[in-house]
Amino acid sequence: MNDPDVTASQIRTIQILGSIAIIASPVSLVYGGVVLSLIALICALVAWSKINALQGQEDVSEQVLGTLRRQVRVGLIVSVGTLVVNGVFVAMTLSTVIPLLQEGNYDELYRMFGMAPDAAGDLSGNASEPANVSVWDR
């Protein structure tokens, strides 16, 4: 029989890792991309392995393990899904970005990502509009 404090600490760790996987995965679609969704997947896999390690212990109820399993399963599914979506986005974007980088066509790159120099001033810092014009007024 294991120490109850150690078991409670392991359960808390599994809950935290599962929560990180569930929260970080959708966030990776907006910010972080493939790296953040990969981190979420790793957290979910570590949590899953910790659940398997707890499974044979007598002082952990099946109800608690079932709840943890369900949380981590959701984290695994969501993180794999967002990793696939982010990977597809990177593959689609790279097929356009690499030729532009090889040609040195940086103006088209800026326009593609919504950072066109002609909208906010050229790269030398000379603004094409007065400095007091808000982004919202354009």
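Residues numbered from 1 in each chain as written. Predicted model: local features only at pLDDT ≥ 70, side-chain atom pairs only at ≥ 80, totals over all residues. Heavy atoms only, no water.

*Asks:* Could you clarify how one ought to interpret the packing of helix α1 (residues 4-30) against helix α3 (residues 62-103) in this entry?
*Replies:* The relative placement of two packed helices is expressed as an angle between their axes plus a distance between the axes. At a closest axis distance of 8 Å, the pairing of α1 and α3 adopts a crossing angle of 25 degrees. Considered as vectors, α1 and α3 are oriented roughly parallel to each other. Where α1 crosses over α3, the handedness of that crossing is left-handed. Of α3, the residues touching α1 (which contributes I11, I14, Q15, G18, S19, A21, I22, S25, P26, S28 and L29) are V64, L68, Q71, V72, V74, G75, V78, S79, T82, V85 and N86. Class assignment for the residues of the contact of α1 with α3 results in 12 nonpolar, 10 polar and no charged. (Axes fitted to C-alpha atoms, helices over the stretch in contact; angles between N-to-C directions. Helix = DSSP H or I, 4+ residues; strand = E, 2+ residues; numbered from the N terminus. Parallel < 35°, antiparallel > 145°, perpendicular 65-115°, else oblique. Left-handed = near helix turned anticlockwise from the far one by under 90°. Contact = heavy atoms within 4.5 Å. Nonpolar A, V, L, I, M, F, W, Y, C, P; charged D, E, K, R; others polar.)

*Asks:* Sorry, what's going on with the nonpolar core here?
*Replies:* For soluble globular proteins, the rule of thumb is that nonpolar side chains tend to be buried together. In terms of nonpolar packing, the biggest core is built from 15 residues, with I14, I51, L54 and V72 touching the most fellow members. Sorting the residues of this core by element identifies α1, α2 (33-54) and α3 as the ones contributing at least two each. Counting residues per element, this core draws most heavily on α2, which supplies six residues. In this structure L54 touches T7, Q10, I11, I14, V60 and L65, once residues within four positions along its chain are discounted. (Core = buried A, V, L, I, M, F, W, Y, C linked by side-chain atoms within 4.5 Å. Buried < 20%, exposed > 50% of the residue type's maximum accessible area, 1.4 Å probe, protein only.)

*Asks:* Quick question: what am I supposed to make of α1 here?
*Replies:* Because each turn of an α-helix spans 3.6 residues, side chains separated by three or four positions end up pointing in the same direction. Helix length check: α1 (27 residues) gives 40 Å between terminal C-alpha atoms against 39 Å at 1.5 Å per residue, within 8%. If you look at α1, its biggest bend is around 30 degrees, right at A24, and the proline P26 turns up within four residues after that. Those residues of α1 that sit buried are T7, I11, I14, L17, G18, A21, A24, S25 and S28. Looking at the buried positions of α1, the neighbouring elements they touch are α2 and α3. Phi for G32, located one or two positions after α1, is positive at around 110 degrees. (Expected span 1.5 Å × (residues − 1). Bend = angle between axes of the 7 residues up to and from the residue.)

*Asks:* Hey, could you run me through the packing of α2 against α3 in this one?
*Replies:* The geometry of α2 relative to α3 is characterised by a closest axis approach of 8 Å and an angle of 155 degrees between their N-to-C directions. Relative to α3, the element α2 lies roughly antiparallel. In this structure, α2 crosses over α3, and the sense of that crossing is left-handed. Classifying every residue of the contact of α2 with α3 gives 17 nonpolar, seven polar and two charged.

*Asks:* So what exactly am I meant to see when it comes to the side chain of T82 here?
*Replies:* The topology assignment puts T82 in helix α3. When its relative accessible area of 6% is taken as the criterion, T82 is described as buried. For T82, the residues in contact, after removing those within four places along its chain, are S25, P26, S28, L29 and S37.

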